[in-house]
Amino acid sequence: PTRRSSDLEWEGFRIAHLSDIHVSSIFRREHFEELVARTNALKADLVLITGDFSDGPLDREAAVLQRDADLAPLSGLKAAYGIFGVTGNHEYIRPEREKLLEIIRRHGVVILENEAVSIAVKGRRVTVAGVDDLAAERMGAGRHDLAGTLSNLADDDLRILMDHQPRTAPEAANPAWKVDLQLSGHTHGGHTGPVAILASLANNGFVKGFYELGGMKLYVSQGAGFWAGFPVRSGTFNEIPLITFTRAN
């Protein structure tokens, strides 16, 4: 962390960042179980999931039961300070969004919808904030509200923001919001070839990896799964980023 870090004891604090899991007809429970096992093997203190949990309709009871079974491994995620997530654009593609969020919550993920929570870590305060995806307003299901989420928060020692799409990171980097780290996904690292150019143009140049925006750091994950509509990668790879904190030099 770059803010108020000189007297903090963050050494070894670990965040596992999952994004773009895309559980679907081609990425079922057995694959997700392996993903959860790999995540748990990292022994993270905190697991943060930046959207796009699954794909496909939930307009039939059989489909709801299947999705529930495929997402059940979420219940196996382990982290001392909790499992938190936000919506991605794919959570708004189908009208049955609330059914999906109910499944996700039932399996232990705290979904932050334009809200923030405060966590005590080693005697210090960590704020974990999450905003609804930019697609929310387009689908008439809320809105992406950075100002409302980050205003009037209690004093803290570390502030982390989850926002599925990285394109608005320059707004989050406004010093008034005091965000130290933003975690995003959405781009799949650019997928492949010309798609990477489009992904960059659509996301203000933020496609994969770490970026510095003034006093805020941004990490854009390449994602842990595949979208069934375009299950292709070239020059990119699935990942489970592990962010380990250390004392500033």
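Residues numbered from 1 in each chain as written. Predicted model: local features only at pLDDT ≥ 70, side-chain atom pairs only at ≥ 80, totals over all residues. Heavy atoms only, no water.

**Describing the side chain of Gln182**
Relative to the assigned elements, Gln182 resides in strand 8 (residues 181–184). Setting aside chain neighbours within four positions, we find Gln182 in contact with Leu161, Asp163, Gln165, Pro166, Ala169, Ala172, Met216, Lys217, Leu218 and Tyr219. (Helix = DSSP H or I, 4+ residues; strand = E, 2+ residues; numbered from the N terminus. Contact = heavy atoms within 4.5 Å.)

**Points about the sheet that holds strand 8**
One open sheet holds the six strands; their spatial order is 5-6-7-8-10-9, and the pairing between them is mixed. Bordering the open sheet on either side are strand 5 (115–121) and strand 9 (209–213), each of which pairs with just one other strand. Taken pair by pair, the neighbouring strands of this sheet meet at an average axis angle of 20°, ignoring direction. (Pairing = 2+ DSSP bridges. Axes fitted to C-alpha atoms, helices over the stretch in contact; angles between N-to-C directions.)

**What to know about the pairing of strand 3 (residues 83–86)**
Here strand 3 shows no split at all, with Ile83 and Gly85 on one side and Phe84 and Val86 on the other all buried. This β-α-β element, strand 2 (residues 46–50) to helix 2 (residues 61–71) to strand 3, shows right-handed connectivity. Here two bridges tie strand 3 to strand 4 (residues 110–111), and the two strands are oriented parallel to one another. Note that in strand 4 the partner of Phe84 across the bridge is Val110. Remark: the strand 3/helix 3 (residues 97–106)/strand 4 crossover connection has right-handed handedness. (Buried < 20%, exposed > 50% of the residue type's maximum accessible area, 1.4 Å probe, protein only. Right-handed = clockwise from strand over helix to strand, strands pointing away.)

**With respect to a nonpolar patch on the surface**
On the surface, Ile197, Leu198 and Leu201 cluster together into a nonpolar patch covering about 360 Å² of accessible area. Its relative accessible area of 57% is what places Leu198 among the exposed residues. (Patch = residues over 30% accessible without salt bridge, like charges linked within 9 Å, V, L, I, M, F, W, Y side chains within 5 Å. Areas by Shrake-Rupley, 256 points an atom, 1.4 Å probe, with all protein chains shown as cover. Salt bridge = Lys/Arg side-chain N within 4 Å of Asp/Glu carboxyl O.)

**Considerations on the packing of aromatic side chains**
Across all of its chains, the model carries four aromatic pairs by this definition. Put simply, the rings of Phe13, Tyr81 and Phe245 pair up and form one aromatic cluster. (Phe/Tyr/Trp six-rings, centres within 6.5 Å; stacked < 30°, edge-to-face > 60°.)

**A closer look at the sheet that holds strand 1 (residues 14–18)**
One open sheet holds the five strands; their spatial order is 4-3-2-1-11, and the pairing between them is mixed. Bordering the open sheet on either side are strand 4 and strand 11 (242–244), each of which pairs with just one other strand.

**Some thoughts on helix 2**
Buried within helix 2 are the following residues: Ala63, Val64, Arg67, Asp68, Asp70 and Leu71. Down the axis of helix 2, the smallest arc covering the buried residues is 165°, so these residues share one side. More than 90 degrees from the buried face of helix 2, the exposed residues found are Glu61, Ala62 and Leu65. (Arc of directions from axis to C-beta.)

**Re the side chain of Thr50**
Among the secondary structure elements, Thr50 is positioned in strand 2. Using a relative accessible area of 0% as the deciding quantity, one classes Thr50 as buried. Among the polar contacts made by the side chain of Thr50, one reaches the side chain of Ser19 at a distance of 2.7 Å. Excluding its chain neighbours within four sequence positions, the residues that come into contact with Thr50 are His17, Leu18, Ser19, Val86, Met162, His164, Leu183, Ser184 and Gly185. (Polar contact = N/O pair within 3.5 Å; in protein donor to acceptor, adjacent residues only side chain to side chain.)

**Structural notes on the pattern of salt bridges**
Under the criterion given, the structure shown has twelve salt bridges. Arg29 is the salt-bridge partner of Glu33, the closest N and O atoms lying 2.9 Å from each other. Residue Glu33 and its partner Arg29 are located together in helix 1 (residues 29–41), separated by four residues, close to a single helical turn. Between Asp145 and Arg143 there is a salt bridge, with the nearest N and O atoms lying 3.3 Å from each other.

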